[in-house]
Each structure stands twice: as structure tokens, then as C-alpha cells.
Amino acid sequence: MAITAAMVKELRETTGAGMMDAKKALTETNGDMEAAVDWLRTKGLAKAAKKADRIAAEGLVGVQVTDGRGVAVELNSETDFVAKNADFQQLVREITNVALTTADDVEVLRATHLNGKPVSEVVTDAIARIGENLTLRRMHVLEGDTVVSYVHNAATEGMGKIGVLVALKGPADKAQAIGKQFAMHIAATNPVSLSEATLDPALLARELEVQTAKALEENASSAKPKPEAVIQNNIIPGRMKKFVAENTLLGQPFVINPDVTVEQAAKEAGVEITGFARVAVGEGIEKKEEDFAAEVAKSLSSASS
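Residues numbered from 1 in each chain as written. Predicted model: local features only at pLDDT ≥ 70, side-chain atom pairs only at ≥ 80, totals over all residues. Heavy atoms only, no water.

Another point: the domain arrangement of the protein. How large an interface is tends to be reported as the accessible area lost when its parts come together. Along its sequence, the protein is carved into domain 1 (5-50), domain 2 (58-189 + 268-280) and domain 3 (200-247). Placing a centre on the C-alpha atoms of domain 1 and another on those of domain 2 gives a separation of 35 Å. (Domains from an automatic or database assignment.)

Right, let's talk about the UniProt feature "domain: Translation elongation factor EFTs/EF1B dimerisation" (unreviewed entry) in the protein for a bit. Feature annotation in UniProt places "domain: Translation elongation factor EFTs/EF1B dimerisation" (unreviewed entry) on residues 70-283, given in this structure's numbering. Secondary structure over residues 70-283 splits into 49% helix and 28% strand, and the C-alpha atoms at its two ends are 20 Å apart. (UniProt positions renumbered as here; feature names shortened; annotations may be inferred. Helix = DSSP H or I, 4+ residues; strand = E, 2+ residues; numbered from the N terminus.)

Residue placement: serine 193 occurs in the loop between helix H8 (172-189) and helix H9 (201-220). Discounting residues that sit within four places of it in the chain, serine 193 has contacts with Thr198, Leu199, Asn247, Thr248, Leu249 and Phe276. (Contact = heavy atoms within 4.5 Å.)

Within the sequence span of helix H2 (residues 19-28), burial applies to Ala22, Ala25 and Leu26. Along H2, the residues classed as buried sweep out an arc of 95 degrees about the axis, all on the same side. With respect to the buried face of H2, the exposed residues turned more than 90 degrees away are Met20 and Glu28. In this structure, the buried side of H2 is in contact with helix H1 (5-15) and helix H3 (33-42). Looking one or two residues beyond H2, the residue adopting positive phi is asparagine 30, at roughly 60 degrees. (Buried < 20%, exposed > 50% of the residue type's maximum accessible area, 1.4 Å probe, protein only. Arc of directions from axis to C-beta.)

At their nearest, the axes of H1 and H3 sit 11 Å apart, and the two run at 50 degrees to each other. Taken as axis vectors, H1 and H3 run oblique relative to one another. Both H1 and H3 take part in a crossing whose hand is right-handed. Across the interface between the two elements, Met7, Glu10, Leu11 and Thr15 from H1 touch Met33, Ala36, Val37 and Leu40 from H3. (Axes fitted to C-alpha atoms, helices over the stretch in contact; angles between N-to-C directions. Parallel < 35°, antiparallel > 145°, perpendicular 65-115°, else oblique. Left-handed = near helix turned anticlockwise from the far one by under 90°.)

Here the structure, examined in full by the defined rule, presents 17 salt bridges. Measuring nitrogen to oxygen at the nearest pair gives 3.3 Å for the salt bridge that ties arginine 69 to glutamate 143. Separated by 74 residues along the polypeptide, arginine 69 in strand E2 (residues 69-77) and glutamate 143 in strand E5 (residues 135-143) bring together distant segments of the chain. Accessibility expressed as a relative area gives 53% for glutamate 143, which makes it exposed. Glutamate 74 is paired through a salt bridge with arginine 137; the nearest N and O atoms lie 3.2 Å apart. Here arginine 137 lies in strand E5 and glutamate 74 lies in strand E2, a separation of 63 residues in the sequence. Bridged by salt links that share partners, the residues Glu58, Asp80, Lys84 and Lys161 form one connected network. (Salt bridge = Lys/Arg side-chain N within 4 Å of Asp/Glu carboxyl O.)

This part is about unusual backbone geometry. Phi is positive for asparagine 30, close to 60 degrees, though the residue is something other than glycine. In this fold, asparagine 30 is placed in the loop between H2 and H3. The phi angle at asparagine 153 is positive, at roughly 55 degrees, despite the residue not being glycine. Within the secondary structure layout, asparagine 153 lies in strand E6 (residues 146-156).

It is worth spelling out the pairing of strand E1 (residues 58-66) at this point. Inspection of the sheet shows E1 paired to E2 by nine bridges, in the antiparallel sense. Paired with threonine 66 across the strands is arginine 69, a residue of E2. The hairpin formed by E1 and E2 contains two residues between the paired strands, and aspartate 67 there has a positive phi angle of roughly 45 degrees. Here E1 runs beside strand E7 (residues 159-169); their pairing, made up of two bridges, is antiparallel. (Pairing = 2+ DSSP bridges.)

Okay, the nonpolar core next. Nonpolar side chains in soluble globular proteins generally cluster together in the buried interior. Core analysis: the biggest nonpolar cluster contains 26 residues, and Phe88, Ile95 and Leu109 have the highest contact counts within it. Elements represented by at least two residues in this core include exactly E2, helix H4 (80-83), helix H5 (86-102), helix H6 (106-111), helix H7 (119-130) and E5. Residues within four places of phenylalanine 88 in sequence aside, it is in contact with Gly59, Leu60, Leu75, Asn76, Ser77, Val82, Ala83, Ile130 and Leu134. Core analysis: the second largest hydrophobic core is formed by 25 residues, Val148, Val164, Ala183 and Val271 among them. (Core = buried A, V, L, I, M, F, W, Y, C linked by side-chain atoms within 4.5 Å.)

In this section: helix H10 (residues 228-247). In a regular helix each residue adds 1.5 Å, so 20 residues correspond to 28 Å; H10 covers 27 Å between its end C-alpha atoms and thus fits that length. Listing the buried residues of H10 in full gives Ile231, Ile236, Met240, Phe243, Val244 and Asn247. For H10, the secondary structure elements touched by its buried residues are H9. (Expected span 1.5 Å × (residues − 1).)

So, on to the side chain of threonine 42. The topology assignment puts threonine 42 in helix H3. Overall, threonine 42 belongs to the buried group, its relative accessible area being 15%. Excluding its chain neighbours within four sequence positions, the residues that come into contact with threonine 42 are Val210, Ala213, Lys214 and Glu217.

Next comes the structure, spelled out in C-alpha cells:
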């Protein structure tokens, strides 16, 4: 297929690779974006791509917890000005309340009544009132013996740019005490999964392919190549072990004490982490770039209309 300038630009932004390298990667993989990322990584020309890092859309994540049940709800707006609006924040608060008490997923939440109307209609009414497009995008539910929440970059109580929930087993007082630290850790490190057992097998298989190809290519071009057995039995497993440790919550070095893993820190505290959820505003959404002056002008235009 034809490789367009837009495709090259997207791959460069995703991987940090040079223009010619990005173009060659797309040519070698017939325009397959994911395969092109892997090709660049195999050649050592790209960092691991995290699409979820491409955070753009505005809004807030509302977080609430009660009796071993926690919810995180994302409501998006077009601009950060609206996210600071008291009317919008009250809407997030009310929808999160409904989610905590009655809903299990975002579709159920949209259909659940709030002030006599389905939540979807309440959001539509708010669009007309506030003057920006609003989207009720996601809802996460987490249950456990103890559920602890944390909001990073809070706009007001119970809502902000990143909402985290952590479920723990063990004495409630100990779980509450260290649970907040674990939640802050999750906000900072954004683990992909709880443990190796819960990692997506397809993700592991893809990473194994990349690391195998990369190790073999590096060895082939080395001045002193290592025996094949060393590559297969030591180098590749070592890199996969590192990948698992970096991407699983329990395997990560605990940010408050990097000498121990999160799993070890939990054991030392007498608790066990059974699950987590991390919701960041707008992750995975592409947003057309506007300069600050244009955003201000747009906001003033909306306010005067």
C-alpha cells in the first residue's frame, strides 16, 4: 500500500524514530502501524510504544468508595476550562454517586436514572447548558475486602485527572494505611496488569517475538557473537523477566522504597493486593492541537453565545 506522509508522522510521534527510519519501517511492513513499531524496536530505533500515553481529551475522573466497592467514572469535555466549572464538577459528582450505588458498567450507567432522567439525557442537557460536547466515556468498578482510592491532580474532592482504586485483603487498618501509598504508586507508574498471571498472553507473545528478533540481530552484528544457547536460555528470558517486572504492579519496585517490589511491600505490611484500576482523563484519545490563544478565544466565544 502507499505510505503517506501522515502515516510517517504518526509513527514518528509514536516511537520517536527518525523520518527515514519510520518510512522504511512502514515500507517493510506494508503500512501495518503495529508491525512497523515492532520493526523499529527490533532494530533498536524505537522505545516501547504505549498508545495509552497519548493523552489529549479534557474532563475529570470521579472516584468514590464505600463498603468494599469503588468506582471510577470518566466524563470528558472539550476544554480544561469546562473541567474547572462548578456545574461540570457537580455533574461528575452526581454521576459517580449513581455509578457507586446502582451501575456495573458504563452502558448500565447511561441508562440509570438521575434526577428523574437517564444519565445519558442528563449529559445531553448539560451539553446544551455548558456549551461544549461532553462524553460519558468509561466506568470501572473494583470490589474487595478493602478498597482504597486516590485522585492525582485533584480539581476538587473526589475528582481529578487520574483516579486510582486498589483492592486489598488483610486487616482493614493496615490495608487503609498502605493502600493509599500503593494507589499513588499506580498513578505514577501506570502498570499494565496486576501480575504476570494476569498479563494479556498476546502482549507477552508479541514482546517475546520482538525481544527474540532484537537479540538475534544484535548478536549477529556483534564483534564477539555469543552461542545460540546463551541467547535462547539467558538473554531472551532475562529481557522478558525485565519486561514483566516493569509492566506488572506486583513486580515493580515500590516507588516509596525501590529496594523492594510492591508485592514484597504488601507482604511486609501484612496485606495482599487483589486488584486495581487506574483511569486517566483522555488516555488513548487523539485531540487536534490548538494553541492556548485559540483555546481562550474558543472559550470566550462559547461563553458569549
